[in-house]
Every structure is written in C-alpha cells, then in structure tokens.
Amino acid sequence: MDEEKRNIKLLPRKTSVTLETCGRAEPDLSTRDVLALPAARDAKPFCSVSSNQRVTELFEIIEKLQGSRIDEQRCVFPPPLKTQLLKIGGEVPLVLPPKLGGYWLDPPLDKLVDMSPCTSPQHGLDPACYDILERDSDAKIYREFFGSLYHHTFIAVDASLGPLVLSVCLEGEAQRIRVILRMMECSLHGVFSLSLFHNVPSAVELAKRLCENVTVTRFEAVSYLKAPELIIAFDEHRVSSNFKFGILLQKEGQFTEEDILSNTEETQEFQEFLSILGETVKLQGFTGFRGGLDVSHGQTGDDAVVTSFQGRHIMFHVATKLPFTEGDPQQLQRKRHIGNDIVALVYQEGKTPFISDIISSHFLHCFLVVRKIRGEQDQRASGGYQVCVTARDDVPPFGPVLPDPPIFTDSSLLRQFLLTKLINAEISCYKAERFSRLELRTRSSLLEGLQNELSARSQCMLGDPSSMTLPSCDGLRGVSEGSGGFIENFKRAIRVRSHSFDTLGVPKKIGGIVSHRPKTAYAEKDDESEKNPDSTVPVVENSESANIENQQCSHEES
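Owing to the predicted nature of the structure, the values given are computational and were not obtained by experimental measurement.

Engineer: Any details on the overall build of the protein? Residues and values, ideally.
Structural biologist: What the protein contains, in helices and strands, is 16 helices and 20 strands. The buried share of the protein, reckoned over its 558 residues, is 46%.

Engineer: Describe the environment of Q284, and please don't skip the residues or the numbers.
Structural biologist: Looking at the secondary structure, you find Q284 in the loop between β11 (279-282) and β12 (303-309). Sequence spacing of Q284 and D294 is 10 residues, and the spatial spacing of their C-alpha atoms is 7.9 Å. The residues contacting Q284, other than those within four sequence positions of it, are V295, S296, H297 and G298. At 3.0 Å, the side chain of Q284 forms a polar contact with the backbone oxygen of S296.

Engineer: Describe the confidence of the model for the protein, naming the residues involved and giving the relevant values.
Structural biologist: Averaged over every residue, the pLDDT of the protein is 76; the share at 70 or more is 65%. Long-range and interchain partners of residues 39-47, a stretch whose pLDDT sits below 50, account for 10 contacts in this model, where long-range means more than four residues apart. Predicted confidence is poor over residues 79-89, with pLDDT under 50, and the contacts of this stretch with residues over four places away or in other chains come to 19 contacts.

Engineer: Hey, could you go over the nonpolar core for me, with residue numbers and the actual values?
Structural biologist: Among the nonpolar cores identified, the biggest contains 45 residues, and F273, F316, V343, L345, C366 and L418 are the most heavily contacted of them. Listed by contribution, the elements that provide at least two residues to this core are β10 (242-251), α9 (268-277), β12, β13 (312-318), β14 (343-349), β16 (366-374), β17 (382-392) and α11 (411-429). Setting aside residues up to four positions removed in sequence, L345 forms contacts with G246, I247, L248, F273, L277, L368, V370, L418 and L422. Residues L96, A319, L322 and F367 belong to the second largest nonpolar core, which totals 28 residues.

Engineer: Please provide a residue-by-residue account of the packing of α9 against α11, values included.
Structural biologist: Packing of α9 against α11 brings their axes to within 9 Å, and their N-to-C directions diverge by 70 degrees. In this view, α9 runs roughly perpendicular relative to α11, as classed from their interaxial angle. Taken as a pair, α9 and α11 cross one another with a handedness that is right-handed. Two secondary-structure elements touch here, α9 through F273, I276 and L277 and α11 through S411, L414, R415, L418 and L419.

Engineer: Which residues make up the pairing of β10, and what values go with them?
Structural biologist: Along β10, nine of the 10 residues are buried, which leaves the element largely enclosed by surrounding structure. Across six bridges, the pairing between β10 and β13 is parallel. Residue pairing across strands places K244 opposite M315, the latter belonging to β13. Pairing of β10 with β14, which is carried by six bridges, proceeds in the parallel orientation.

Engineer: Quick rundown of the packing of aromatic side chains? Include the residues and the values.
Structural biologist: Across all of its chains, the model carries 12 aromatic pairs by this definition. Centre to centre, the rings of Y142 and F146 are 5.3 Å apart; their planes meet at 15 degrees, and the pair counts as stacked. With Y142 and F146 both in helix α5 (residues 141-146), this residue pair falls four residues apart, about one helical turn. Judged by its relative accessible area of 2%, Y142 falls in the buried class. A relative accessible area of 0% means that F146 is categorised as buried. Ring centres of F354 and F367 lie 5.0 Å apart, and the angle between their planes is 55 degrees; this geometry places the pair in the tilted category. A residue pair is termed long-range when its members are at least 10 positions apart, and F354 in strand β15 (residues 354-355) and F367 in strand β16 qualify at 13 residues. A relative accessible area of 0% means that F367 is categorised as buried. Each member of the aromatic cluster is reached from another via a ring pair, and the members are F270, F273, Y347 and Y385. Taking NZ or CZ as reference, R178 lies 3.8 Å from the ring centre of F145, over its face.

Engineer: Describe in detail the state of the cysteines, supporting the description with residues and values.
Structural biologist: A complete count under the given rule lists zero disulfides for this structure. With no disulfide of its own, C186 lies 7.7 Å from the sulfur of C211, the closest cysteine sulfur.

Engineer: Please provide a residue-by-residue account of the packing of helix α7 (residues 227-235) against helix α12 (residues 433-461), values included.
Structural biologist: Relative orientation of the contacting elements α7 and α12 amounts to 175 degrees, with a least axis distance of 10 Å. One finds that α7 runs roughly antiparallel with respect to α12. Residue-level contacts link A227, L230, I231 and F234 of α7 to R443, L446, L447, L450, E453 and L454 of α12.

Here is what the cut-offs are and how they apply
Just so you know, the residues in each chain are numbered from 1, in the order the chain's sequence is written. Local features in this predicted model are restricted to residues whose pLDDT is 70 or higher, and side-chain atom pairs enter the listing and the counts only when it is 80 or higher, whereas totals over whole chains, interfaces and linings include all residues. Where side-chain values are given, they derive from all heavy atoms of the structure, hydrogens and water being excluded. Runs of E in the DSSP output that reach at least two residues are strands. Runs of H or I that reach at least four are helices, and both are numbered from the N terminus. The cut-offs for exposure are 20% and 50% of the maximum accessible area for each residue type, with area from a 1.4 Å probe on protein chains only; residues under the lower value are buried, those over the upper are exposed, and the others partly exposed. Between two residues, a contact is recorded if the distance between any of their heavy atoms is within 4.5 Å. Between N or O atoms, a polar contact is any pair within 3.5 Å; within protein, one atom must be a potential hydrogen donor and the other a potential acceptor, and residues adjacent in sequence are included only when both atoms are from side chains. Known as pLDDT, the predictor's confidence for each residue is given on a scale from 0 to 100. Buried Ala, Val, Leu, Ile, Met, Phe, Trp, Tyr and Cys residues form a nonpolar core when they are joined through side-chain atoms within 4.5 Å. Each axis is a line fitted through C-alpha atoms, and for a helix only the stretch in contact is used; angles between axes span 0 to 180 degrees, taken between their N-to-C directions. Should an angle lie under 35 degrees it is considered roughly parallel, over 145 roughly antiparallel, and from 65 to 115 roughly perpendicular; all remaining angles are considered oblique. Left-handed describes a crossing whose near helix is turned anticlockwise from the far helix by less than a right angle; the clockwise case is right-handed. Strand pairing requires that DSSP identify at least two bridges connecting the strands. Under the pairing criterion, centres of Phe, Tyr and Trp rings, with the six-membered ring standing for Trp, must be within 6.5 Å; the plane angle then separates stacked pairs below 30 degrees from edge-to-face pairs above 60, leaving the rest tilted. Comment: the charge-over-ring label is applied if NZ (Lys) or CZ (Arg) is within 6 Å of the ring centre and within 35 degrees of the ring normal. To count as a disulfide, a pair of cysteine sulfur atoms needs to be within 2.5 Å.

In structure tokens:
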C-alpha cells in the first residue's frame with residue numbers, strides 16, 4: 001500500500017499528455033482511474049522503468065518548449081549597441097565606422113584626442129590655408145583666352161571618340177596657336193608654337209596633336225554667330241556658385257535614422273550653432289538661391305538657414321525646419337531633401353556616436369560631425385567644438401586639414417573651416433564612382449547636343465531651308481545659369497535637347513508606336529529617349545544607377 005501511494009505521488013491530479021516521440025499515443029489517466037485499477041499480488045509496480053523514462057522525456061520536452069519561447073522573445077540590439085564603444089582620451093568618439101566598413105574617418109579612431117584645455121598652440125588653425133577646391137579648373141579657359149580674340153570652331157563625329165568640338169585661336173603677338181579639343185570623356189587644352197609647322201596647320205592636324213586617337217579626316221566649320229555662347233554654356237556646365245547641404249540634429253541615445261529625422265524641437269544650443277553657420281530667413285518670398293525649397297506655398301517649412309561665403313551661395317536643409325509628418329516614421333518630407341544632398345552636417349547634443357551609414361541614401365557620401373565640448377565644472381560652459389569627418393571609401397581626401405586636436409574655440413574660425421570643408425567635400429564627392437559615372441553621362445549628352453546644335457544652326461546660317469524652324473537657343477544657354485550643379489544642368493540640357501528634336505522632326509515612340517514626322521538631314525537618333533520618353537534622364541544600364549537617377553527628381557526646382 002505504501003508503495004502504491006508513493007507511485008501515485010509521481011503523477012499530477014489531472015494528467016493529459018500525448019508523447020509523440022514514443023511512437024504511440026497514451027490514454028488520458030486521472031487519479032480516480034489509477035485508483036480503480038485492479039491490484040494483483042504479482043503485478044509490477046505502476047511506475048515501471050518505462051514510465052519513469054516517459055516522465056523524464058516529458059520534462060525534457062517541457063524544458064525545450066520553454067527554451068524556444070525564451071529564444072523567440074530575444075531581440076537583436078541595433079548595431080551601435082552591439083558595437084563596443086571605444087573611449088579615446090576619456091570621451092566617446094563622434095563617429096563610429098559601420099560594421100561592414102566602406103567609410104574612412106578623420107581623425108581615425110586609433111588617434112588619441114586630448115579633450116583637456118589646450119595649453120599648447122594647435123596646428124592647422126590658419127585660415128590662410130582654407131582654400132576652396134575648383135570644380136573644373138579648365139572650365140573658363142575658352143572664356144578667358146578665346147572670348148576676346150578672333151577664333152574658329154570646328155565639329156566632327158569620330159567613329160571611336162564620338163562628337164568632337166575643336167576651338168582654335170591664333171595669338172599673333174606670341175606666334176602661337178591655342179587649341180581646345182572637347183571629347184566625351186574630357187577636354188584637352190594645348191598651346192603650340194607656329195615654328196612647329198611648315199604651314200598653317202589644319203583642324204585635323206591640331207586635333208591629332210592633342211589626342212593621337214583621333215581618326216576623323218575632316219572637320220566641319222561652325223558659322224553660327226552665337227556659337228561662343230553655347231560653347232561657354234557647355235564648358236562651364238559643372239561650374240556653380242550654389243551649394244546645398246543637409247543639417248541633422250542627433251540627440252542623446254538616438255541610434256537610428258528614424259530617431260534623428262523625427263526631432264522637432266530646437267534647443268538653444270542648436271540654434272546658437274545654426275547662427276554660426278548662417279542667417280535664418282523666411283522662405284515665403286525669398287529671392288536668393290533656394291536649394292529646391294518652396295518659397296511660394298510653404299510646402300517645405302517656414303524658415304531656412306542661408307549664407308554667402310567667398311562668392312558662393314549656400315542653402316542649408318535643416319531637418320528640424322522641414323515639415324514633420326505625424327505617423328510617418330521615415331519622415332519622407334524631410335528625407336526627400338536631405339537624402340538627396342551629397343554632404344550633410346550632423347550636430348550632436350550628447351555623447352551618442354554617429355554611425356557613418358546610419359542614413360540610407362544613394363546621394364549622401366560625406367558627413368561632418370560636430371559636438372560641443374562641455375566644461376568640467378559647469379556643463380553649460382563651452383570648451384569649444386570638436387569636429388570629425390567621415391566619407392565613403394571612394395571619396396578622395398579633401399582640405400582643409402583638421403587641426404590637431406580637432407577642436408575649435410573661436411566661432412568665426414569654426415565657421416570658415418566648416419563652410420570650406422563642406423564645399424570641398426561636395427566637389428570631392430563628385431569624383432566617387434557613382435557621381436563620376438553620372439557625370440560622364442551628363443557630359444556625353446551635353447556634348448552630343450552641342451555638336452548637333454552647332455551643326456544645325458550653321459546650316460541654317462548658310463540658308464538651308466530645312467533648318468529654318470530651329471528653336472531659340474535661350475534654353476541651352478540657361479544650362480549654365482541653373483542652380484545646384486551638374487545634375488540640374490543635365491536635366492535642363494536633356495529637356496532642351498528633346499525640344500530641339502521635336503522641332504527638327506525626329507520620330508519618337510509614344511506608347512510603343514513610332515510617330516513619324518518630317519525628317520531633316522540633321523535629325524539625331526536618340527535611342528535612350530525612345531526607350532523612356534517620359535523621363536528627363538536617360539535609361540541607365542544597371543539598377544543601382546537607375547535608383548540614383550530616379551532620385552534626381554527631388555533636385556529639380558519648381
């Protein structure tokens with residue numbers, strides 16, 4: 001009897017278990033059923049070896065089920081929290097590289113930064129060394145050396161090099177010839193002494209002097225009177241005095257793009273920093289460079305920060321001043337402007353590091369991160385501003401060089417450094433793979449349009465009746481008058497070029513049907529426009545470039 005009671009204690013009052021692992025289903029047994037079982041003198045104990053094994057297996061299954069539930073409740077910490085925060089000189093660094101790499105930092109993480117009050121003079125704080133890079137140092141050669149002198153321009157289409165535009169100028173006093181050869185990849189400039197030639201050299205000979213790959217045997221002379229205006233527009237299409245940069249506010253504990261873009265309140269500290277960079281103006285009725293912001297209907301906020309610096313006009317896309325959308329964690333109204341900038345500035349309120357790839361964007365290639373240094377005794381007291389720079393690996397380094405240590409105590413000096421660094425950062429970013437590929441397409445399209453325009457208008461000057469209905473060249477001349485750089489200029493050029501094709505009678509595909517119009521001898525075959533007639537940007541070969549060019553719609557100003 002004692003043995004039966006001991007066996008009963010091993011079972012709960014109500015047991016209903018099905019052990020699939022044993023190969024068969026067990027019947028449901030209650031305590032009352034167990035007591036009603038017939039007892040036999042020679043019967044084996046109820047809790048046999050197999051029963052003990054089943055109970056053991058039961059508890060193992062329960063343990064596994066509980067373990068799996070715990071695993072399901074586990075969450076993966078964001079990358080910044082999983083990353084070990086390196087402390088340099090007792091301070092958390094401003095920027096941490098992403099886990100997968102792909103970005104460079106200046107100063108690097110392994111370089112110690114002394115945050116104590118500076119007792120020795122800092123290196124690299126001389127404003128005289130803050131030189132702004134030139135977007136294209138050879139862009140104004142034609143305007144400078146050819147504009148005031150009598151010269152000739154010739155055009156041709158090379159089988160391997162594509163369209164060629166050659167400008168030749170004779171400098172009589174110096175007894176030399178100055179030549180510019182424009183090709184799809186670049187422009188070549190050279191000066192040759194007349195003593196090198198027995199007679200006056202031909203256009204083909206001069207072109208081969210600059211580029212031995214030229215295979216054309218004949219150039220066509222340009223007789224259009226306003227050709228210099230079109231040539232200057234092409235040569236200087238990369239030159240722009242207008243820049244736009246994003247400004248992000250990162251508060252303590254913000255590790256994600258959603259958190260940073262959702263900041264709506266501007267602290268006094270952040271407003272003081274904005275006042276160092278520029279002036280806050282009302283967008284309504286603003287007549288300066290607006291950087292794609294709405295100045296008529298208030299759709300991009302009420303205020304903006306602008307400034308002028310060494311002949312450049314700068315518009316800042318401040319995230320906290322752009323419209324905030326309730327219920328939109330991605331804040332697309334802000335992302336459409338800042339995400340389409342090439343360089344952004346991050347101001348940190350707190351000691352949370354910025355991850356280089358935290359903002360997902362095809363365009364953003366460089367970040368300047370600034371943090372205010374607190375006083376040891378009084379946290380409200382400022383010990384200056386610490387600066388760090390991070391950019392993608394394919395962005396070449398650019399000046400001015402960060403001081404050592406990278407701390408600025410003078411606000412005016414900080415302003416000069418940041419504005420120079422921002423401008424040089426954008427110019428250097430154009431050399432990255434994505435932008436250099438886009439820039440090559442831009443140049444190729446503009447050069448092709450220039451060559452066709454000069455050819456058609458020259459024939460019109462000679463009295464060709466088929467070219468009498470050419471459109472005005474004011475649109476193409478406006479290519480160099482745009483704001484924002486080569487992306488906007490590219491789209492303007494394509495629109496003007498398409499308008500020229502309509503007037504010239506080039507057939508286009510509409511809804512898969514080719515609409516034939518009267519053709520002329522100067523109609524151009526535009527395969528890319530036919531593939532995508534609704535787009536202002538040519539179709540690209542890969543999806544990555546397509547994503548980049550699809551975002552260009554945000555750059556266009558209404």
